[in-house]
Amino acid sequence: MSTMDRSDNFTFKITQLREILQNRGFEAVEIKTQTNFSYFTRGRGFIGLASVMACASLIVTMEKIFLVAENIEASRLHIEQLDSEPSVVVCEFPWDEPSKRDDLLSDIIGGLKVASEADLESELFNLRTVMTPYDLNDYRSLCKTTAEIVEKICMEIKPGITEYELAGALSMKLWSANIEPITLLIAFDDRALQYRHPVVTEKSLENYALVAVCGRRNGLIASVTRDVMLRPDEVMFQKHAKCAQVFATFLAALKPGESLSDIYAKGILSYANQGYPMEFKEHHQGGLTGFVPREIRANIGINHIVRSGEVYAFNPSLQGAKCEETVLVTESGLEFMTYTGNYQYVECHVNGNAYKIPTVYRAD
């Protein structure tokens, strides 16, 4: 499984799904959510960008795979989003006769014991959160490109630009690279200190900008935050150094076999060690990612055990300073998929190991 093309990836995932069906005593499953549709097909199943449900169903039995969609969508989805996958049977119904969908389903799965996604959610989660070789190659490319776009725009930022304008510039570059900007959080100056989820406003930049992005491509999501200051601000720079140390503490604890609850506890202790014991209360600290921005948020009592092949995005923050990277867990250590080497960094040490963490970019 070291090399895989898209069709191999699809077949591998469907095989795993059928094993789950057999083990659970089901004979078929209907995949309807956007997240799981993209996981299995590695295509876009949406019409509206924020869609929770896909605009088609993928029905998997023990022998066949069916794509069920309105006539408006069926051919487009199969050709463009499933790469004309030959193992998929396309079944379309007239958009203005929705009752015909029930007839199709009856023909396909009538008499079978059919699972819903909710019935298999634990198993689907376990599949979705460990990257296949094919997915991982795509993920590396997505993360690198997303980080490069965000960093370049941050390093070229000028005073007077509005948060709206910066969001527009980021969106244009991301879409041009086939990346959907599903989250854009931008805060200038005092807004960066006040709010942890700064939805974009008309505020103009004076000196300091915080830019956080979740970029999605064919289901996979890259998370990255970068900060920039136009004039020196030593207080803010030191705050970033402390935030980076907290971030490095999370990373140092992130290893296969470790509990997410224990990793969280170590990160929270680091806040106190940096002189900000209650700052973690102001924002969640990130967690497991992949085909969902956060599959699980780290917290006390979240006892998920870290596995090799999972991807994490922690995002500690200190009153305007924030660190966020997308990292892959491997048996030999962490792979920083959003690291470019082109920004400004601070070196943090935890348990004798050094971590090179992006810090606030000083345009001066």
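Data block above holds the structure.
Since this is a predicted model, take the numbers as computed values, not measurements. (Residues numbered from 1 in each chain as written. Predicted model: local features only at pLDDT ≥ 70, side-chain atom pairs only at ≥ 80, totals over all residues. Heavy atoms only, no water.)

Participant: I tried to follow the overall build of the chain on my own but got confused; where do I start?
Facilitator: For the chain, the helix and strand inventory stands at 10 helices and 18 strands. On C-alpha atoms alone, the chain measures out to a radius of gyration of 22 Å, which is about the 21 Å that the 2.2 N^0.38 rule sets for 364 residues. Along the first, second and third principal axes, the C-alpha atoms of the chain reach 70 × 45 × 35 Å. Across the 364 residues of the chain, 56% fall into the buried class. Relative to all contacts within the chain whose residues are 6 or more apart in sequence, the contacts with residues 24 or more apart total 65%. Of the roughly 15,400 Å² that the chain leaves accessible, carbon and sulfur atoms contribute 51%. Distance between charge centroids for the chain: 5 Å, based on 36 positive and 48 negative side chains. (Helix = DSSP H or I, 4+ residues; strand = E, 2+ residues; numbered from the N terminus. Rg over C-alpha atoms; globule rule 2.2 N^0.38 Å. Buried < 20%, exposed > 50% of the residue type's maximum accessible area, 1.4 Å probe, protein only. Contact = heavy atoms within 4.5 Å. Areas by Shrake-Rupley, 256 points an atom, 1.4 Å probe, with all protein chains shown as cover. Lys, Arg positive; Asp, Glu negative; His and termini not counted. Charge placed at Lys NZ, Arg CZ, Asp CG, Glu CD.)

Participant: Can you help me understand the nonpolar core in this one?
Facilitator: Among soluble globular proteins, nonpolar side chains are generally buried collectively. Counting 64 residues, the largest nonpolar core has Phe40, Leu58, Leu120 and Leu170 as its most contacted members. Sort the elements by how many residues they give to this core and helix H6 (residues 133–155) lands first, with nine residues. Phe247, Leu254, Leu318 and Cys348 belong to the second-largest nonpolar core, a separate cluster that totals 34 residues. (Core = buried A, V, L, I, M, F, W, Y, C linked by side-chain atoms within 4.5 Å.)

Participant: Would you explain helix H1 (residues 6–24) in this entry?
Facilitator: Because each turn of an α-helix spans 3.6 residues, side chains separated by three or four positions end up pointing in the same direction. Along its 19 residues, H1 runs 27 Å from first to last C-alpha, staying within 8% of the 27 Å computed at 1.5 Å per residue. For H1, the set of buried residues is Asn9, Phe10, Lys13, Ile14, Leu17, Arg18, Ile20 and Leu21. Along the axis of H1, the buried residues cluster in a sector spanning 165°; they form a single face. When the buried face of H1 is taken as reference, the exposed residues oriented beyond 90 degrees from it are Gln22 and Asn23. The backbone nitrogen of serine 7 has a side-chain oxygen 3.2 Å away, supplied by the residue at the start of H1, namely aspartate 5. (Expected span 1.5 Å × (residues − 1). Arc of directions from axis to C-beta. Polar contact = N/O pair within 3.5 Å; in protein donor to acceptor, adjacent residues only side chain to side chain.)

Participant: Would you take a moment to explain the pattern of salt bridges for this structure?
Facilitator: Side chains carrying opposite charge are able to pair once their charged atoms draw close together. As enumerated under the stated definition, the model contains 23 salt bridges in all. Arginine 216 serves as the salt-bridge partner of glutamate 180, at 2.5 Å between the closest nitrogen and oxygen. In this pair, glutamate 180 sits in strand S6 (residues 180–188) while arginine 216 sits in strand S7 (residues 208–217), placing the two residues 36 residues apart along the sequence. Classification of glutamate 180 by relative accessible area gives buried; the value is 0%. Judged by its relative accessible area of 11%, arginine 216 is buried. In this structure, a network of salt bridges that share partners links the residues Lys13, Arg42, Asp135 and Asp138. (Salt bridge = Lys/Arg side-chain N within 4 Å of Asp/Glu carboxyl O.)

Participant: Could you clarify how one ought to interpret helix H2 (residues 34–41) in this entry?
Facilitator: Judged by how many residues are buried, H2 sits mostly within the fold: seven of eight residues are covered. Of all the residues in H2, the buried ones are Gln34, Asn36, Phe37, Ser38, Tyr39, Phe40 and Thr41. A positive backbone phi angle near 55° is found at arginine 42, which sits one or two residues after H2.

Participant: How do you make sense of the packing of H1 against helix H5 (residues 121–128) when you look at a structure like this?
Facilitator: A pair of packed helices is captured by two measures, namely the crossing angle of their axes and the spacing between those axes. H5 packs onto H1 with a crossing angle of 155° between their chain directions and a minimal axis gap of 11 Å. As far as their axial angle goes, H5 and H1 are roughly antiparallel. In this structure, H1 crosses over H5, and the sense of that crossing is right-handed. Listed contacts from H5 to Gln16, Leu17, Ile20 and Arg24 of H1 are Glu123, Leu124 and Leu127. Taken together, the residues that form the contact of H1 with H5 break down as four nonpolar, one polar and two charged. (Axes fitted to C-alpha atoms, helices over the stretch in contact; angles between N-to-C directions. Parallel < 35°, antiparallel > 145°, perpendicular 65-115°, else oblique. Left-handed = near helix turned anticlockwise from the far one by under 90°. Nonpolar A, V, L, I, M, F, W, Y, C, P; charged D, E, K, R; others polar.)

Participant: Is there a simple way to think about the sheet that holds S7 in this case?
Facilitator: Paired through their backbone hydrogen bonds, the strands of a sheet run either parallel or antiparallel. Taken in spatial order, the four strands make up an open sheet running S6-S7-S8-S18, and their pairing is mixed. Only two strands of the sheet have a single partner each, and these edge strands are S6 and strand S18 (361–362). As judged from the two bridges shared by strand S8 (residues 220–229) and S18, these two strands associate in the parallel manner. What sits directly across from methionine 229, in S18, is arginine 362. Sheet contacts for helix H9 (residues 234–253): S7, S8 and S18; angle to S8, the most-contacted strand, approximately 150°. (Pairing = 2+ DSSP bridges.)

Participant: Whenever I open this one, the sheet that holds strand S3 (residues 65–70) confuses me. Can you help?
Facilitator: The mixed open sheet is built from five strands, whose spatial order is S4-S3-S2-S1-S5. The two strands at the open ends of the sheet, each matched to only one other strand, are strand S4 (88–93) and strand S5 (114–115). Summarising the sheet, strand S2 (residues 53–61) and S3 pair through five bridges and their orientation is antiparallel. Paired with valine 60 across the strands is isoleucine 65, a residue of S3.

Purely spatial values, then, with no claim about function.
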